[in-house]
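# Tertiary structure, described
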Amino acid sequence: MQQLVWSAERDIERVVDTYGHMLFRICLVILCNEQDAEDVVQDTIIKYLTKSPTFNDSEHEKAWLITITTNRCKNMRRYNFIRKHMDISNLQLYCQDEENYGLLDDLMKLPDKHKFVLLLHYVEGYKVDEIAKILSITSSAVKKRLQRGRELIRNRYEKETEYGLR
Amino acid sequence: MDFDKMKHAVKSIEMSKEMENRVKANCKNAGMKKSKQIHYKSWISVACAFGIVLLMIIGIPYFNNSGDLQVANFTITAYADLNDDSQLHTNLSAEKATFELGTEDRLDNIGGVATRDRMDTLGGVGGDGPNYIFTNVKLKLTGEEIESITYTMNKGKFIEDVILTVEEANNKDQLVLDKIYIMLREPGSDIYQGIKEIGNTYTVPYNEQDQYEYTLAIPHDDWVVEDDIILSAIVNYTDGNSEQQDIIVMQESNSISLALK
């Protein structure tokens, strides 16, 4: 019994250390709320402990955690009637690079479905087929969302640059 | 638009140390709770099975030997005298009792289950009111610690077949007083057979049931038995408690049936 507890504690330490920040940034960008992001990360790790899934390798484990996290984020978004958006000053608490606050803010203002694919592709480095598997959508849908997401964020960025907001 | 910048911006997001510790602590607590927690979902099926077994154990006293639901702590048996002096009897707790109504062959047979000629000749009991089918169906109740039984009919009456001498039959005032309304005499006989109205309810001491030969008179309209005829048996136990069992009286083609409600 005691050994089981120690094993679970070691697992928690390892998962939070290895994937905690990655999961948190996905959640924060999607949910735009610190508390919600923390809750989702916590729920994901608890699910990981209770389900104790078997993984082929660390990539498999990471993909599983991202899938759980994205699904939890979607659910939380459904239950959040008022879509919260983090103020840029609060974002500074988490974003260590001041130069890119505006860019991050643009990304966070995108629709969820575009944010998911942009995050997974450009930030986490997943390929189109891998994203399709994680999000349970077709590859062509991933491509369309990537394309549309790029356009949206580019337009927003250009407008802000044009009006001298950057 | 430089997506590397975006990547860099997102990658720079990190949980604060405080939050990281909080997540770890909360996950550990949740993990501990989970390990101590009963897995309710997996126990639901076990609880359901246990509940069913418990229900069966509790419910066994309510099932009789035939496996039918015995809703009361007593048994009601419906009897009918047959022409050959035998009796047709059915335990109502176990099954529905069906008794054939009078047929043309039985018209002059007072001993039949129902005697249409008595009906045709004399009409309803008590003069006014509906016509009745006089059956030879009577009830007996079996149980323990029973003091008395009260039978009640919402429609219809209990009757008793009585035998009268010529003198008694001629004493009209006494006949009215005794509510003996129907008189018949076999050709050449000086013995009258009458039907006495008991009323729509009567109470009988449990140990004296055999002395009460009350039968059912069922109201009908052109030989169609009225709907919703309920016969109630209220059992009064020696400890002061009472229990009621209703019996539905229905017509089925050329017979009537009695079944527990």
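From a predicted model like this one, the values you see are computed outputs, not experimental measurements. (Residues numbered from 1 in each chain as written. Chains lettered and ligands numbered in written order. Predicted model: local features only at pLDDT ≥ 70, side-chain atom pairs only at ≥ 80, totals over all residues. Heavy atoms only, no water.)

### What about the interface of chain A and chain B?
The interface of chain A with chain B comprises 39 residues on the first partner and 26 residues on the second. Buried area between chain A and chain B, summed over both chains or domains, comes out near 3,300 Å², and the portion from carbon and sulfur atoms is 72%. Interface area lost by chain A to chain B is led by A:His21, A:Arg25 and A:Glu38, which between them contribute 17%. Connecting chain A to chain B are four salt bridges. When the shortest N-O distance is used, the salt bridge between A:Glu38 and B:Arg22 registers 2.6 Å. Viewed at the interface, chain B and chain A are joined by six residue pairs in polar contact (both at pLDDT 80 or more). At the level of secondary structure, the elements contributing two or more residues to the side of chain A that touches chain B comprise helix H1 (2-31), helix H2 (34-51), helix H5 (101-108), helix H6 (112-123) and helix H8 (139-162) of chain A. At 12 residues, H1(A) tops the list of elements feeding residues into the side of chain A that touches chain B. (Contact = heavy atoms within 4.5 Å. Buried area = accessible area lost by both parts, 1.4 Å probe. Salt bridge = Lys/Arg side-chain N within 4 Å of Asp/Glu carboxyl O. Polar contact = N/O pair within 3.5 Å; in protein donor to acceptor, adjacent residues only side chain to side chain. Helix = DSSP H or I, 4+ residues; strand = E, 2+ residues; numbered from the N terminus.)

### So, the environment of B:Ile146
Residues and elements named next belong to chain B. Position of Ile 146 among the secondary structure elements: in strand S6 (residues 146-153). The sequence separation of Ile 146 and Thr 238 amounts to 92 residues, and the corresponding C-alpha distance is 5.7 Å. Apart from residues no more than four positions distant in its own chain, Ile 146 is found in contact with Phe 74, Leu 141, Tyr 206, Val 235, Asn 236, Tyr 237 and Thr 238.

### Brief notes about the environment of B:Thr77
Residue and element names in this part refer to chain B. Mapped onto the elements, Thr 77 comes out in strand S1 (residues 74-81). For the pair Thr 77 and His 89, spaced 12 residues apart in sequence, the C-alpha to C-alpha distance is 6.6 Å. Setting aside residues up to four positions removed in sequence, Thr 77 forms contacts with His 89, Thr 90, Asn 91, Leu 92, Lys 138, Leu 139 and Lys 140.

### Considering the side chain of A:Lys62
Here A:Lys62 shows up in helix H3 (residues 58-79). Once residues lying within four places of it in the same chain are set aside, the contact partners of A:Lys62 are A:Tyr19, A:Met22, A:Glu124 and A:Tyr126.

### Notes on the packing of H2(A) against H3(A)
Residues and elements named next belong to chain A. Contact geometry for H2 and H3: axes closest at 9 Å, N-to-C directions at 130°. When the axes of H2 and H3 are compared, the pair comes out oblique. Relative to H3, the crossing made by H2 is right-handed. Of the residues in H3, those touching H2 at Asp 36, Asp 39, Val 40, Asp 43, Thr 44, Lys 47, Tyr 48 and Lys 51 are Glu 61, Trp 64, Leu 65, Ile 68, Thr 69, Arg 72, Cys 73 and Met 76. Taken together, the residues that form the contact of H2 with H3 break down as seven nonpolar, two polar and seven charged. (Axes fitted to C-alpha atoms, helices over the stretch in contact; angles between N-to-C directions. Parallel < 35°, antiparallel > 145°, perpendicular 65-115°, else oblique. Left-handed = near helix turned anticlockwise from the far one by under 90°. Nonpolar A, V, L, I, M, F, W, Y, C, P; charged D, E, K, R; others polar.)

### A short note on the confidence of the model for chain A
Taken residue by residue, chain A gives an average pLDDT of 83. The fraction at 70 or more is 83%. No element of chain A has a lower mean pLDDT than helix H4 (residues 88-91) of chain A, at 64, and none a higher one than helix H7 (residues 128-135) of chain A, at 93. (pLDDT = per-residue confidence, 0-100.)

### A look at the pairing of strand S15 (residues 255-260) of chain B
Residue and element names in this part refer to chain B. The buried fraction of S15 amounts to five of the six residues, a majority that puts the element mostly inside the structure. Judged from the six bridges that link them, strand S14 (residues 242-252) and S15 form a sheet pairing that is antiparallel. Note on S15: the bridge partner recorded for Val 249 is Leu 258. (Buried < 20%, exposed > 50% of the residue type's maximum accessible area, 1.4 Å probe, protein only. Pairing = 2+ DSSP bridges.)

### Examining the packing of H6(A) against helix H1 (residues 3-11) of chain B
When two helices pack together, their arrangement is captured by the angle between the axes and the distance separating the axes. Contact geometry for H6(A) and H1(B): axes closest at 9 Å, N-to-C directions at 95°. The pairing of H6(A) with H1(B) is recorded here as roughly perpendicular in orientation. Between H6(A) and H1(B), the contacting residues are A:Leu118, A:Leu119, A:Tyr122 and A:Val123 on the first element and B:Phe3, B:Met6, B:Lys7, B:Val10 and B:Lys11 on the second. Of the residues belonging to the contact of H6(A) with H1(B), the class tally is seven nonpolar, no polar and two charged.

### Structural notes on the confidence of the model for chain B
Residues and elements named next belong to chain B. Model confidence for chain B is summarised by a mean pLDDT of 75, while 72% of its residues fall at 70 or above. When the elements of chain B are averaged for pLDDT, helix H4 (residues 116-122) gives the smallest value, 39, and strand S10 (residues 201-205) the largest, 92. Confidence drops under a pLDDT of 50 for residues 103-127, and excluding neighbours within four residues, the segment shows 69 contacts in the predicted structure.

### What to know about the pattern of salt bridges
Tallied over the full model, the rule gives 17 salt bridges over all chains. A:Lys115 is paired through a salt bridge with A:Asp112; the nearest N and O atoms lie 3.7 Å apart. Of this pair, A:Lys115 and A:Asp112 both sit in helix H6, three residues apart, roughly one helical turn. Exposure remark for A:Asp112: the relative accessible area of 13% places this residue in the buried category. Between B:Glu197 and B:Lys157 there is a salt bridge; the shortest N-O distance is 3.4 Å. Here B:Glu197, found in strand S9 (residues 192-199), pairs with B:Lys157, found in strand S7 (residues 157-164); they are 40 residues apart in sequence, far enough to count as distant. On the basis of relative accessibility, which here comes to 11%, the residue B:Glu197 falls in the buried class. Salt bridges sharing common partners tie together A:Glu13, A:Asp17, B:Lys17, B:Glu20, B:Lys24 and B:Lys28.

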